[in-house]
Protein chains: 4
Amino acid sequence: MTNARVAILGATGYGGGELLRLLLRHPKVDIAFATSRSREGVPVGAVHRNLDGLTDLRFSSPSVAEIAACDIVFGALPHGASAEALAPVVLDGARVIDLSGDFRLRDAQQYRAWYKREHPYPDLLARAVYGCPEANRDAIRSATLVASPGCFATAINLALIPAASRIEGTPTVVAMTGSSGSGAEASEGTHHPTRSGTLRPYKVLGHQHVPEILQLARELGSELHGLEFTPVSAPLSRGIVAVATADLARRATTEELVDAYAAHYADHPFVKVVTSREPECGPVATTNYVEVRPRATASGRLHVTCAIDNLVKGGAGQAVQSMNLMLGLAETMGLDWPGTWP
Amino acid sequence: MTNARVAILGATGYGGGELLRLLLRHPKVDIAFATSRSREGVPVGAVHRNLDGLTDLRFSSPSVAEIAACDIVFGALPHGASAEALAPVVLDGARVIDLSGDFRLRDAQQYRAWYKREHPYPDLLARAVYGCPEANRDAIRSATLVASPGCFATAINLALIPAASRIEGTPTVVAMTGSSGSGAEASEGTHHPTRSGTLRPYKVLGHQHVPEILQLARELGSELHGLEFTPVSAPLSRGIVAVATADLARRATTEELVDAYAAHYADHPFVKVVTSREPECGPVATTNYVEVRPRATASGRLHVTCAIDNLVKGGAGQAVQSMNLMLGLAETMGLDWPGTWP
Amino acid sequence: MTNARVAILGATGYGGGELLRLLLRHPKVDIAFATSRSREGVPVGAVHRNLDGLTDLRFSSPSVAEIAACDIVFGALPHGASAEALAPVVLDGARVIDLSGDFRLRDAQQYRAWYKREHPYPDLLARAVYGCPEANRDAIRSATLVASPGCFATAINLALIPAASRIEGTPTVVAMTGSSGSGAEASEGTHHPTRSGTLRPYKVLGHQHVPEILQLARELGSELHGLEFTPVSAPLSRGIVAVATADLARRATTEELVDAYAAHYADHPFVKVVTSREPECGPVATTNYVEVRPRATASGRLHVTCAIDNLVKGGAGQAVQSMNLMLGLAETMGLDWPGTWP
Amino acid sequence: MTNARVAILGATGYGGGELLRLLLRHPKVDIAFATSRSREGVPVGAVHRNLDGLTDLRFSSPSVAEIAACDIVFGALPHGASAEALAPVVLDGARVIDLSGDFRLRDAQQYRAWYKREHPYPDLLARAVYGCPEANRDAIRSATLVASPGCFATAINLALIPAASRIEGTPTVVAMTGSSGSGAEASEGTHHPTRSGTLRPYKVLGHQHVPEILQLARELGSELHGLEFTPVSAPLSRGIVAVATADLARRATTEELVDAYAAHYADHPFVKVVTSREPECGPVATTNYVEVRPRATASGRLHVTCAIDNLVKGGAGQAVQSMNLMLGLAETMGLDWPGTWP
């Protein structure tokens, strides 16, 4: 089999940088295009310093037809811009994996409510498969348009999936994130002098990843009224740790929950159910791995802690995992970097 | 009025260091003793480097009688050791403020259950006043034994107090803390190579500050079954941010809650009810100030974020605040350092 | 004596924020104006979060005459803008302390060479006193225009002053700085995701603080050809540590050097000559204190390590120290905050 | 060719952990033993959390004969212990790569002077090859005992090698290091509350890596009197940046120096000579890559900045690079991880 040709749209950001890092070393993929209008002609290593000197690839600005001729097209653009750039490519027949939020919600009204804009291609929403391999692996294999989950959504999805059919009411989630989740553009929220010495809740009860989490949980059988989610900016670069508490339709013991999680994740190679220590983001940082630990509380609720890397499992890595499924490759191909400790 | 003479028992740790910093500059206090057996004779500036060259004080090892002759005795020893050292001083008639957990719980059985040891002086528990000025100001004024709250407990108490009479069920709290909360002794959990790159839940659903929070909330009218508390180690030195969610006896609006919090804290000079941004620990780090923001969730629950410095408002500062009350001084005396940003 | 009235021009940045923090608590000063055109009318606590709720002061935009009527005017504007704003005030008779680089160099050609612009008021350069109290205390007392030293320059000056008359050749200095030195504006160099995990030399051999260091050293008797200075961005918010190596006209022993430094700094209350450990920036962070340690190397050179806080001793604190001298107040007034450890 | 069998002695520390990470994924190597007396029988993933669930390997405590039967034996023990453990293995005929300082100095008196102990096997010193592939590649290929360079020494060696034949006098080096260089054991110097907010010189002018740097430089033709080296602890986990200044036998231009460095490193695949930005440790963290930039100063000295990861190129990675050479494999095999940015 010849290698698949892939394109990365919007390759100068952190999502694009991580896709480049993963795909440059992927044994069954060749990167045809890493697009950027503003940096056209610039070596990718001039922007992504870890790749400096390790590739001759340059940012380019190909036509829709050139992009659509690729086997897989990744979108790593901001939401809004992503749908505009990807829709023509989808309509031209390419298989697309979008890292933005533009195709995650099936309902264009939900999109308008949470993303504060009209969806430019609402007809495409029904075609999109939500790219969470731990829930939708088979659908991803045959998808033409994969909407890869958000970073917070990934951590919370993976915390809830094995128990989803039993969850009801309004779960409470607090999740802390590293600063790389805010992207490559410098901003007040990621200004080192203050970010390095504070913990700062933001978008409290109003983060745009809530509806995709609810949508998936309901598809898996949850009877939910809502999700009360508090994101917190933490002073590290990479990683998300989510702490989720949810009412269950019937009480469970910790042992039952651990068994259920272990059973569900037994054939999902990136998810580690840990029980002898707590999940934490350090050991999974820069990797596609997940650490998750479920418990029953004294009041009979489900309590789960879950740790991921926000840019890999919560972004580019999960997208490559979907690509592997779409191309019929081993799900872990190119994704087995174990991380470091420390 | 001549200055009060104070002693600090166990003055080499972080609690002791912050007491020294605050009391060396307090206009109405003289430090008679900063005790340490292992460092007797050593200048305090050799241990607390910020004080190097700024005081001639040395660690000493005075007798119980010498200690008990002080107007106020601070305990900054680990729990267990604290009760052993302070009880003779209390019984000798001194007024004592203990920063450890040894006198916070009225019930010796609760103490045994959470601190895994028999209380050596259970008869003294009834005499102790829980040193939260925002709840117990009058009782503190006349107290002879003040049990100063734990750092997490302080953040969670202050998040709940104004709504306490309406809270019921089992609140959920996630709180993140800086590493100085683990004390001055190097340990695996505060080893920089790993601590600086991770977020790590610990003592999940089992932290020893839970019973003192429940005890205070119930005294203020809460009908609670328990408290599901998840502490998280975060990679910064100072600060705690707590995110609390609780059921209310009757639904409230955010406006009502903000009014109630503003009304309660109107004459508590260290608590800022913020509404135009989120509480975060950076602006209150190294200070005795508190930032708190209440909200009603869509499901009618109370949601509060609260930020403190763990060593000051969550430790030495709050203890000095109690001292001021006990000595009839202005509550804010020596505690008006505004912190820095950044 | 009634309190002095002061103005702070450009009060929204980090220099302005630290001036506000120091001067709001200074017992002999009232802040008449904290100027900002873009934030006119906004409470200062909305920008400097540590001051939120602690002052009613708002940013304002007074006339030159109103500013010049103040007893002391601080300039906390970027270089270029600073001279433009301050010159009319100086010419109107006010006493001015400028934190920018605009009045530090006596020679307008040097200014052009290092700051890449024509000086707009070259005639004022001769009037300026370089605001280093450890070298120029008497001149500062009677100055009408004080050019407060740069942050790196402060650390390097204080490392060299006591030996200046014996230094020759081309000293080598490497100094590491916290991110707050880059100011309050978010930028690529202070973007948390990358800044938090790197050490990055910058402006290698070309930093604009070099000429003010050379100018002072020569005034103190150094016979220097130049200064080879490498600044390094480090992943912390506050602090500078400088490591300086210089040839001496005649060999010295470490003991001689320690004696000379101790003697020179004996009546300079903010400088601690440490010999039992190394200077480091943590213990002096947020303070006006300095730690310095001189040594003779095996090859007979002078080796000095020096630690300061970049925004206080390297900025606003040193400027307030000059103000105290200009107003005939105790040099340490309002500047005795000891910092924290940790 | 069947895979080589390797042993790692002292596999619980950070050096051992990085060897495990690299060698578990090396295509031509099987790990026979990861030794630890204190953790015998424990899964390696219980100590090195990044490997948790990714390998079944357990720490073991094999005999000298079992160890010596391996094709390559890595020593990752502290100095002193390392020579004791490795000498019998060497004498039993195994090929050994030692990460400690025990075999780096040819002269047992130098060893005594710098390591404060008698060398237990001085006769072996002459047999050791200093494992710097960028200087000694051919000698490493046929070596039976490789002394892998220290972390600081690696950064400084690589800064000086291409100019070594022209360097004279006493170079000055300041190098900053991440906390992982202090090892896996918690200690005061790596206690997060203080380490995270300070920059701290240590072992000033007395670091034990100085003699190995001098030894290599002299072998390459430098005429050196000494090396004045100031290490600085910086608040990040990984990375070293060295700033070196040295007198040259004859003046050079920056262009000449860049050409010389580019020429020397042209066939050394891990060294990047950068000229359009400064070397920094973030982009090479967790990798075996090096960034180096030479300059001529105005006074005609050599000025070099150099960045490495202290545990990989400065430790385990460089050792694996030597192993590849010893086994006749591609020098980069198993070492091509590009790192991440951020």
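Let me begin by describing the structure that accompanies this report. If you're wondering where the values come from, they're calculated on a predicted model, not measured in any experiment. (Residues numbered from 1 in each chain as written. Chains lettered and ligands numbered in written order. Predicted model: local features only at pLDDT ≥ 70, side-chain atom pairs only at ≥ 80, totals over all residues. Heavy atoms only, no water.)

### Brief notes about the overall build of chain A
Then comes step 1: The helix and strand inventory of chain A stands at 11 helices and 15 strands.
Then comes step 2: A principal-axis box enclosing the C-alpha atoms of chain A has dimensions of 60 × 45 × 40 Å.
Then comes step 3: Of all 342 residues assigned to chain A, the portion counted as buried reaches 66%.
Then comes step 4: Excluding contacts between residues fewer than 6 apart, the proportion of contacts in chain A whose partners are at least 24 apart in sequence is 71%.
Then comes step 5: On chain A, roughly 10,900 Å² of surface is accessible, and the fraction owed to carbon and sulfur atoms is 47%.
Then comes step 6: For chain A, the centre of its 31 positive side-chain charges and the centre of its 34 negative side-chain charges are spaced 3 Å apart. (Helix = DSSP H or I, 4+ residues; strand = E, 2+ residues; numbered from the N terminus. Buried < 20%, exposed > 50% of the residue type's maximum accessible area, 1.4 Å probe, protein only. Contact = heavy atoms within 4.5 Å. Areas by Shrake-Rupley, 256 points an atom, 1.4 Å probe, with all protein chains shown as cover. Lys, Arg positive; Asp, Glu negative; His and termini not counted. Charge placed at Lys NZ, Arg CZ, Asp CG, Glu CD.)

### Brief notes about the pairing of strand β11 (residues 228–233) of chain D
All names here are of chain D.
Then comes step 1: Of all the 6 residues making up β11, 6 are buried; the element is thus mostly covered by neighbouring parts of the structure.
Then comes step 2: Going residue by residue along β11, you find Glu228, Thr230 and Val232 tucked away on one face and Phe229, Pro231 and Ser233 tucked away on the opposite face as well.
Then comes step 3: The pairing of strand β8 (residues 167–177) with β11 spans 6 bridges and is parallel. In the strand pairing of β11, Met176 is matched with Val232.
Then comes step 4: As paired strands, strand β9 (residues 200–201) and β11 are joined by 2 bridges and run antiparallel to one another. (Pairing = 2+ DSSP bridges.)

### Some details on the sheet that holds strand β1 (residues 4–9) of chain A
Residues and elements named next belong to chain A.
Then comes step 1: Taken in spatial order, the 7 strands line up as β3-β2-β1-β4-β5-β7-β6 in an open sheet, and their pairing is parallel. Each edge of the sheet is formed by a strand with only one pairing partner; in this case those strands are β3 (59–60) and β6 (129–130).
Then comes step 2: As defined by bridge partners, β1 adjoins strand β2 (residues 29–35) across 6 bridges and the pair is classed as parallel. Opposite Ala7, over in β2, you have Phe33 as the bridge partner.
Then comes step 3: Packed onto the sheet, helix α11 (residues 312–326) meets β1, β2, β4 (72–75), β5 (95–98) and β7 (145–147) and runs at close to 160 degrees relative to β5. (Axes fitted to C-alpha atoms, helices over the stretch in contact; angles between N-to-C directions.)

### Some words on the relation of the copies chain A and chain D
Then comes step 1: By a simple turn and slide, chain A fits onto chain D: the slide is 0.0 Å along the axis, the RMSD is 0.0 Å, and the turn is 180 degrees. The symmetry that links the two subunits is that of a two-fold axis. The rotation axis passes nearest to the C-alpha of A:Trp337 in chain A, at a distance of 4.3 Å.
Then comes step 2: An overlap of 100% is found between the interface residues of chain A and their copies at the interface of chain D, pointing to a shared contact surface. (Least-squares fit on C-alpha atoms with pLDDT ≥ 70 in both.)

### Structural notes on the side chain of B:Asn50
Then comes step 1: Relative to the helices and strands, B:Asn50 resides in the loop between α2 (44–47) and β3 (59–60).
Then comes step 2: The exposure class assigned to B:Asn50 is buried, which follows from its relative accessible area of 1%.
Then comes step 3: A polar atom in the side chain of B:Asn50 sits 2.8 Å from the backbone oxygen of C:Gly339.
Then comes step 4: Residues within four places of B:Asn50 in sequence aside, it is in contact with B:Arg21, C:Lys272, C:Pro283, C:Pro338, C:Gly339, C:Thr340 and C:Trp341. (Polar contact = N/O pair within 3.5 Å; in protein donor to acceptor, adjacent residues only side chain to side chain.)

### Structural notes on unusual backbone geometry
Then comes step 1: Cis geometry marks the peptide bond from A:Trp341 to A:Pro342, where omega comes out at 5 degrees.
Then comes step 2: Along the chain, the position of A:Pro342 falls in the segment after α11.
Then comes step 3: Residue C:Lys203 is not a glycine yet carries a positive backbone phi of 45 degrees.
Then comes step 4: One can find C:Lys203 in the loop between β9 (200–201) and α9 (210–219).
Then comes step 5: Note on C:Lys203: relative accessible area 43%, which makes it partly exposed.

### Things to note about helix α5 (residues 108–115) of chain A
Residues that lie three or four places apart on an α-helix share one face, since the helix turns once every 3.6 residues.
Then comes step 1: Near the N-terminus of α5(A), the side chain that reaches the backbone nitrogen of A:Gln109, with its oxygen 2.7 Å away, is that of A:Asp107.
Then comes step 2: Two residues or fewer past α5(A), A:Lys116 is found with a positive phi of approximately 60 degrees.

### What to know about the interface of chain A and chain B
Then comes step 1: Chain A puts 39 residues into the contact, and the matching count from chain B is 39 residues.
Then comes step 2: Between chain A and chain B, roughly 3,200 Å² of surface is buried when both sides are summed, and carbon and sulfur atoms account for 67% of that area.
Then comes step 3: There are 4 salt bridges connecting chain A and chain B.
Then comes step 4: Between A:Glu228 and B:Arg301 there is a salt bridge, with the nearest N and O atoms lying 3.0 Å from each other. (Buried area = accessible area lost by both parts, 1.4 Å probe. Salt bridge = Lys/Arg side-chain N within 4 Å of Asp/Glu carboxyl O.)

### A few points about the interface of chain A and chain D
Then comes step 1: Listed by partner, the interface residues are 30 residues for chain A and 30 residues for chain D.
Then comes step 2: Carbon and sulfur atoms make up 56% of the surface buried where chain A meets chain D, a total of about 2,700 Å² over both sides.
Then comes step 3: Area buried by chain A at its contact with chain D is led by A:Arg49, A:Trp341 and A:Pro342, which between them contribute 25% of it.
Then comes step 4: In this assembly, chain A and chain D are joined by 6 salt bridges.

### With respect to the pattern of salt bridges
All names here are of chain C.
Then comes step 1: Scanning the model with the defined rule gives 80 salt bridges over all chains in all.
Then comes step 2: Close ionic contact of Arg21 with Glu18 constitutes a salt bridge, the shortest N to O distance being 2.9 Å. On the criterion of helical spacing, the pair formed by Arg21 and Glu18 is a turn pair, its members being 3 residues apart in helix α1 (residues 14–24). In terms of burial, Arg21 and Glu18 fall into one category: buried.

### Let's talk about the packing of helix α7 (residues 151–160) of chain A against helix α9 (residues 210–219) of chain A
All names here are of chain A.
Then comes step 1: Viewed as axis vectors pointing N to C, α7 and α9 meet at an angle of 30 degrees, and their least axial separation amounts to 9 Å. The angle between α7 and α9 places the two elements in the roughly parallel class. As α7 runs across α9, the sense of the crossing is right-handed. In this structure, α7 uses Ala153, Ile156 and Asn157 to contact α9, whose residues at the interface are Glu212, Ile213 and Leu216.
Then comes step 2: Looking at the contact of α7 with α9 residue by residue, the class counts come to 4 nonpolar, 1 polar and 1 charged. (Parallel < 35°, antiparallel > 145°, perpendicular 65-115°, else oblique. Left-handed = near helix turned anticlockwise from the far one by under 90°. Nonpolar A, V, L, I, M, F, W, Y, C, P; charged D, E, K, R; others polar.)

### Things to note about the relation of the copies chain A and chain B
Then comes step 1: After a rotation of 180 degrees and a shift along the axis of 0.0 Å, chain A superposes on chain B with an RMSD of 0.0 Å.
Then comes step 2: With an isologous cut-off of 70% or more, the 100% of interface residues of chain A that recur at the interface of chain B puts this contact in the isologous class.

### Here we look at the side chain of C:His268
Then comes step 1: When you line up the elements, C:His268 lands in the loop between α10 (254–265) and β13 (271–273).
Then comes step 2: With near-sequence residues (within four places) excluded, C:His268 lies in contact with C:Pro133, C:Glu134 and C:Arg137.

### A closer look at the sheet that holds strand β4 (residues 72–75) of chain D
Residue and element names in this part refer to chain D.
Then comes step 1: An order of β3-β2-β1-β4-β5-β7-β6 is seen for the 7 strands of this open sheet, with the pairing classed as parallel. Looking along the sheet, the strands with just one partner apiece sit at the ends: β3 (59–60) and β6 (129–130).
Then comes step 2: As paired elements, strand β2 (residues 29–35) and β3 share 2 bridges and run parallel to each other. Bridged to Thr35 within β3 is Ser60.

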